[in-house]
Amino acid sequence: SQKIEQNSEALNIQEGKTATLTCNYTNYSPAYLQWYRQDPGRGPVFLLLIRENEKEKRKERLKVTFDTTLKQSLFHITASQPADSATYLCALDRGYGNNRLAFGKGNQVVVIP
Amino acid sequence: DSGVTQTPKHLITATGQRVTLRCSPRSGDLSVYWYQQSLDQGLQFLIQYYNGEERAKGNILERFSAQQFPDLHSELNLSSLELGDSALYFCASSVGSGTLRKNIQYFGAGTRLSVL
């Protein structure tokens, strides 16, 4: 069956350090992978999109990698700040058909001042 | 502000009742998606509409139904409500076709449903 796995344990990290989150998937062949941020009680907000033929994508302090051989994406927040505390979700996109995204359950990040 | 509007923000009702959740997508977006999110679950995809037509169904119960109207707004109807239906319900929209960014989804603030 298809699975998208993100660490269920919160990542506690000191301010200024780099937070690294993992998204692993099985029985999927995504053409794109997206990352979203969700704050408590709010809707997810799009952060980054990476295509299957891209190894890495950056946006300000965020970096995403996509390894289709390992079936894994890594999401990095460099120089983390308390305002980065949130839950981060990965989402897989086949790139065709009904455009439906498949979301992981998310990984919470807590940045300690 | 994502540009996606959901109403109401909160809804408190009793078991057995029926409610309607409303969603207005971003201007120009043709696809609307509905999700359910409870405390111990991630985002559970319910249903997608594209330009008025049902495009995909996920884990949507038979007691739930949705539609997308000609002006592209959408409604999610939940009937014979049970305690377990208490959750956050999100609507999202996307362009849906034509560009690389077609599948980026923009989420509303959600409707928090409490069934007592």
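Structure: above.
Residues numbered from 1 in each chain as written. Chains lettered and ligands numbered in written order. Predicted model: local features only at pLDDT ≥ 70, side-chain atom pairs only at ≥ 80, totals over all residues. Heavy atoms only, no water.

**What about the sheet that holds strand 8 (residues 74–78) of chain B?**
All names here are of chain B.
Reasoning step 1: Strand order in the open sheet formed by four strands is 1-3-8-7, and the pairing between neighbours is antiparallel. Edge positions in the sheet fall to strand 1 (5–7) and strand 7 (64–68), since each has one partner strand and no second. Direction aside, neighbouring strands of the sheet carry axes that sit 15 degrees apart on average.
Reasoning step 2: Relative to strand 3 (residues 19–24), strand 1 is paired through three bridges, and the arrangement is antiparallel. (Pairing = 2+ DSSP bridges. Helix = DSSP H or I, 4+ residues; strand = E, 2+ residues; numbered from the N terminus. Axes fitted to C-alpha atoms, helices over the stretch in contact; angles between N-to-C directions.)

**Quick notes on the pairing of strand 9 (residues 87–94) of chain B**
It is a general feature of regular strands that their side chains alternate between the two faces of the sheet.
All names here are of chain B.
Reasoning step 1: In terms of burial, strand 9 is largely enclosed, as eight of its eight residues are buried.
Reasoning step 2: Taking every second residue as pointing to the same face, both faces of strand 9 are buried, with Ala87, Tyr89, Cys91 and Ser93 on one and Leu88, Phe90, Ala92 and Ser94 on the other.
Reasoning step 3: Relative to strand 9, strand 4 (residues 31–37) is paired through seven bridges, and the arrangement is antiparallel. Considered in strand 9, the bridge of Gln37 is made with Leu88.
Reasoning step 4: Alignment of strand 9 against strand 10 (residues 106–107), held across two bridges, turns out to be antiparallel. Residue pairing for strand 10: Ser93 is matched across the bridge by Tyr106. (Buried < 20%, exposed > 50% of the residue type's maximum accessible area, 1.4 Å probe, protein only.)

**Details of the pairing of strand 8 (residues 72–77) of chain A**
Residue and element names in this part refer to chain A.
Reasoning step 1: As defined by bridge partners, strand 3 (residues 19–26) adjoins strand 8 across six bridges and the pair is classed as antiparallel. Within strand 8, the position partnered with Asn24 by the bridge is Gln72.
Reasoning step 2: Where strand 7 (residues 62–67) lies against strand 8, six bridges are found, and the strand directions are antiparallel. Within strand 8, the residue paired with Asp67 across the bridge is Gln72.
Reasoning step 3: As consecutive antiparallel partners, strand 7 and strand 8 are separated by four residues, and within that stretch Lys71 has a phi angle of approximately 55 degrees, a positive value.

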